[in-house]
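Structural overview for review
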Amino acid sequence: MNKPLLYSYFRSSCSYRVRVALHYKNIDFEYRPIHLVKDGGEQLKDPYLKLNPKGEVPFFIDGDVGIGQSMAILLFLEDKYPQNPLVPKDPLKKAHCLQLCELINSGIQPIQNLKVLKYLVNELGQKDEIKAKWANHWITEGFIALENFMKDLSADYCIGSELSLADCFLVPQVYNANRFKVDMDRFPHINRVNENCLKLDCFQKADPANQPDAQN
Ligand SMILES: N[C@@H](CCC(=O)N[C@@H](CS)C(=O)NCC(=O)O)C(=O)O
């Protein structure tokens, strides 16, 4: 049986989420880079587009199964590889964990995704500084809500003192926030949890700078 295979781009925050879980669960996997920028983006051309018609990473293959969407991949990993669980068993903690994940997954990342920013510049004629302002604004808006939820829910990690899926979503989004120069001094709870996560081996292995396709 072949190793599981992750199509990823080092800077992709959605791929970063999955990389953290794979390393946390000690799953041996093959890394297959898809360059999102070079020549208009490998994600938008065959053969990758045939594999994932949404033209995005991550995409995960395990045996005969191909799965797109980071949340679906993460939940698949949780069921198939239950070691080092990332979904809380307690119903309320689980709901709170998924609430934080979705705040990022559907409330922040899609509005600052590459294709949205490209559309602002290439189709709507906006300048690069407007693009940067847009991304900064929507990440900040989402982080204000996230910080408020985390004030009550978080301790060392997003949900109390147990690592969970919410942390897999948080750290990559903070990475994007830093790229778009969000003022992180406003978010002490987010910063605390992010710093705690970054000390863990699984986050270090998943870090964009440590991927085979990392560029300066
Ligand atoms: N909801 C999807 C979003 C995937 C996504 O937006 N991926 C980005 C990288 S983080 C991408 O591939 N963007 C390519 C593009 O915008 O052309 C998921 O969670 O997997």
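This part takes up the site of the ligand. Around the ligand sit 17 residues in total, of which Ser 12, Glu 56, Ser 70, Leu 114 and Lys 115 are the nearest. Those elements that provide at least two residues to the shell around the ligand are helix H1 (13-24), helix H3 (70-80) and helix H5 (114-122). A class-by-class count of the residues in the shell around the ligand yields 6 nonpolar, 9 polar and 2 charged. Looking at which domains feed residues into the shell around the ligand, each of domain 1 (5-84) and domain 2 (91-202) gives three or more.

Take the sheet that holds strand S4 (residues 65-68) next. Paired through backbone hydrogen bonds, the strands of a sheet run either parallel or antiparallel to each other. Read from one edge to the other, the open sheet built from 4 strands follows the order S2-S1-S3-S4, with strand pairing classed as mixed. Both outer strands of the open sheet, strand S2 (30-33) and S4, are each paired with one neighbouring strand and no more. The sheet shows a mean angle of 20 degrees between the axes of neighbouring strands, taken without regard to direction. Here 3 bridges tie strand S1 (residues 5-8) to strand S3 (residues 59-62), and the two strands are oriented antiparallel to one another. From the neighbouring strand, Leu 5 faces S3, where its bridge partner is Ile 61.

What follows concerns the nonpolar core. By size, the foremost hydrophobic cluster in this structure holds 53 residues, and its most contacted members are Ala 21, Cys 158, Ala 166 and Leu 170. Formed jointly, this core draws a minimum of three residues from each of two domains, domain 1 (5-84) and domain 2 (91-202). Those residues in contact with Ala 166, other than ones at most four positions away along the chain, are Cys 97, Leu 100, Cys 101, Cys 158 and Ile 159.

This brings us to the environment of Ser 161. Within the secondary structure layout, Ser 161 lies in the loop between helix H6 (128-153) and helix H7 (165-179). Look at Ser 161 and you get exposed, because 9 C-beta atoms sit within 10 Å. Along the primary structure Ser 161 and Val 87 are separated by 74 residues, whereas in three dimensions their C-alpha atoms are 13 Å apart. Leaving out residues up to four positions away in the same chain, Ser 161 has contacts with Ala 155 and Asp 156.

Let us look at H3. Among the residues of H3, those classed as buried are Ser 70, Ile 73, Leu 74 and Leu 77. Along the long axis of H3, the arc covered by the buried residues comes to 100 degrees, so they all point the same way. For H3, the exposed residues set more than 90 degrees away from the buried face come down to Ala 72 and Asp 79. Packing partners of the buried residues in H3 comprise H1, S3, S4 and H7.

Here Ala 209 lies in the segment after helix H9 (201-206). Residues Ala 209 and Ile 190 lie 19 residues apart in sequence; the distance between their C-alpha atoms is 21 Å.

Splitting the protein chain by domain gives domain 1 (5-84) and domain 2 (91-202). Each of domain 1 and domain 2 has a C-alpha centre, and these two points are 19 Å apart. In this assembly, 11 residues from domain 1 lie in contact with 12 residues from domain 2. Looking at the side of domain 1 that touches domain 2, the elements with two or more residues in it are H1 and H3. The element that contributes the greatest number of residues to the side of domain 1 that touches domain 2 is H1, accounting for 8 residues. Across the side of domain 1 that touches domain 2, the residue classes tally to 8 nonpolar, 2 polar and 1 charged.

With that out of the way, let us pick up the packing of helix H4 (residues 91-105) against H7. Packed helix pairs are specified by the crossing angle of their axes together with the interaxial distance, meaning the distance between the axes. Relative to each other, H4 and H7 sit at 25 degrees, their axes nearing to 8 Å. Between H4 and H7, the angle falls in the class roughly parallel. Along this stretch, H4 crosses H7, giving a crossing that reads as left-handed. Facing Cys 97, Leu 100, Cys 101, Ile 104 and Asn 105 of H4, the residues of H7 in contact are Leu 165, Ala 166, Phe 169, Leu 170 and Gln 173. Residue classes in the contact of H4 with H7 are distributed as 8 nonpolar, 2 polar and no charged.

Following Asp 46, the chain continues to Pro 47 via a peptide bond in cis, the omega torsion being 10 degrees. Cis geometry is found at the peptide bond from Val 57 to Pro 58, where omega equals 10 degrees. Position of Pro 58 relative to the elements: it lies in the loop between helix H2 (48-51) and S3. Of note, Asp 39 is a non-glycine position whose phi angle comes to about 50 degrees, a positive value. If you trace the backbone, Asp 39 turns up in the loop between S2 and H2. Its 8 C-beta neighbours within 10 Å are what place Asp 39 among the exposed residues. Notably, Lys 181 is not glycine yet its phi reads approximately 55 degrees, a positive angle. Structurally, Lys 181 is set in the loop between H7 and helix H8 (188-198).

Basis of the calculations
- Residues numbered from 1 in each chain as written.
- Predicted model: local features only at pLDDT ≥ 70, side-chain atom pairs only at ≥ 80, totals over all residues.
- Near = placed C-beta within 6 Å.
- Helix = DSSP H or I, 4+ residues; strand = E, 2+ residues; numbered from the N terminus.
- Nonpolar A, V, L, I, M, F, W, Y, C, P; charged D, E, K, R; others polar.
- Domains from an automatic or database assignment.
- Pairing = 2+ DSSP bridges.
- Axes fitted to C-alpha atoms, helices over the stretch in contact; angles between N-to-C directions.
- Core = buried A, V, L, I, M, F, W, Y, C linked by C-beta atoms within 7 Å.
- Buried ≥ 20, exposed ≤ 12 C-beta atoms within 10 Å, placed from the backbone.
- Contact = placed C-beta atoms within 7 Å.
- Arc of directions from axis to C-beta.
- Parallel < 35°, antiparallel > 145°, perpendicular 65-115°, else oblique.
- Left-handed = near helix turned anticlockwise from the far one by under 90°.

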